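Listed below, chain by chain, are the residues.
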Amino acid sequence: MAAKPGQIGQLVRTLGAHLKDVFLDPQASLSSPETSGAAHRAAVVAKVSRNAVAELVNQARNHPQRGDYGSANPAYVALAELTKSTGKPGLALGLKNETGEISFLDLDLDPDKAKEMGGAYVERPLNRNLWRQLKHLAALKVDRNMLGPSRPIRSPEDPDLQDDPEQPEEALPERAADEK
């Protein structure tokens with residue numbers, strides 16, 4: 001089997017990074033019967049965050065994607081937080097056409113400096129670090145959003161409020177007066 005130079009090394013580094021993530025992740029450890037609910041939750045959080053990041057990556061294949069605090073996708077919110085924490089306001093996720101690799105780039109980089117560096121893409125070690133941070137932040141966002149359902153905030157003029165069986169009778173004077 002013929003391989004391009006460096007392709008095997010890249011594969012080993014990628015697999016090594018995945019193994020490192022698994023061993024360092026406390027949620028990835030084997031669960032006992034007492035923590036089976038926590039393990040199930042961790043699996044759901046991991047799946048939802050992977051799907052969110054995959055959606056971001058699919059969009060980044062077409063054109064660079066920036067973070068958005070108002071997005072329903074937790075990966076976009078995580079990218080916005082990552083942009084703020086790195087201090088690079090032009091941070092985006094895009095596709096390197098030469099290698100077919102999804103990478104972070106700085107859209108606010110000076111064009112002369114970008115030409116000198118070979119593009120607006122960040123250096124490889126920083127790219128790996130940002131990628132891990134993005135995955136971690138996306139998982140945190142999903143976990144925070146899964147705290148549980150909260151009761152909806154309704155207006156006192158809501159017509160369904162008068163028919164709410166959880167409301168005590170004395171809280172609804174019109175209804176109590178109509179029933180007498």
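Residues numbered from 1 in each chain as written. Predicted model: local features only at pLDDT ≥ 70, side-chain atom pairs only at ≥ 80, totals over all residues. Heavy atoms only, no water.

(A) Representation of the side chain of asparagine 127 within the structure. Mapped onto the elements of the fold, asparagine 127 is located in helix α5 (residues 124-145). With near-sequence residues (within four places) excluded, asparagine 127 lies in contact with Glu101, Ile102, Ser103, Phe104 and Val122. (Helix = DSSP H or I, 4+ residues; strand = E, 2+ residues; numbered from the N terminus. Contact = heavy atoms within 4.5 Å.)

(B) Quick look at the layout of surface pockets. By volume, the largest pocket is sized at about 1600 Å³. As for the largest pocket, its lining consists of 41 residues, of which His18, Asp21, Trp131, Arg132 and Lys135 are closest to the centre. Looking at the lining of the largest pocket, the elements with two or more residues in it are α1 (7-24), α2 (36-62), β3 (101-106) and α5. Among the elements that take part in the lining of the largest pocket, α2 stands out by supplying 12 residues, more than any other. When grouped by side-chain class, the residues that make up the lining of the largest pocket number 18 nonpolar, 10 polar and 13 charged. (1 Å grid on protein atoms, 1.4 Å probe; cavity = no way out; pocket = protein on both sides within 12 Å on 5 of 7 lines; lining within 4 Å. Points joined across faces, edges and corners; volume = space filled by probe spheres on them. Nonpolar A, V, L, I, M, F, W, Y, C, P; charged D, E, K, R; others polar.)

(C) Quick peek at the sheet that holds β3. Pairing in this open sheet of 3 strands is antiparallel, and the strands run β1-β2-β3 from one edge to the other. At either end of the open sheet lies a strand with only one pairing partner, and these are β1 (65-66) and β3. In the sheet, β1 pairs with strand β2 (residues 91-96) via 2 bridges, with the strands oriented antiparallel. Directly across from arginine 66, in β2, lies its bridge partner alanine 92. (Pairing = 2+ DSSP bridges.)

(D) How the structure looks around the nonpolar core. Core analysis: the largest hydrophobic core is formed by 19 residues, its most contacted members being Leu56, Leu79, Leu82, Leu93, Phe104, Leu130 and Leu134. Listed by contribution, the elements that provide at least two residues to this core are α2, α3 (74-86), β2, β3 and α5. (Core = buried A, V, L, I, M, F, W, Y, C linked by side-chain atoms within 4.5 Å. Buried < 20%, exposed > 50% of the residue type's maximum accessible area, 1.4 Å probe, protein only.)

(E) Up close: the side chain of serine 103. Looking at where serine 103 falls in the secondary structure, it is placed in strand β3. The exposure class assigned to serine 103 is buried, which follows from its relative accessible area of 0%. Not counting chain neighbours up to four residues away, the residues in contact with serine 103 comprise Ala92, Leu93, Gly94, Lys96, Tyr121 and Asn127.

(F) Broad picture of the pairing of β3. Among the 6 residues that make up β3, 5 are buried, leaving the element largely enclosed by the rest of the structure. Sheet topology note: the β2/β3 ladder contains 6 bridges and is antiparallel. Directly across from leucine 93, in β3, lies its bridge partner phenylalanine 104. Taken together, β2 and the strand that follows it, β3, pair antiparallel across an intervening segment of 4 residues, in which glycine 100 is found at a positive phi of about 75°.

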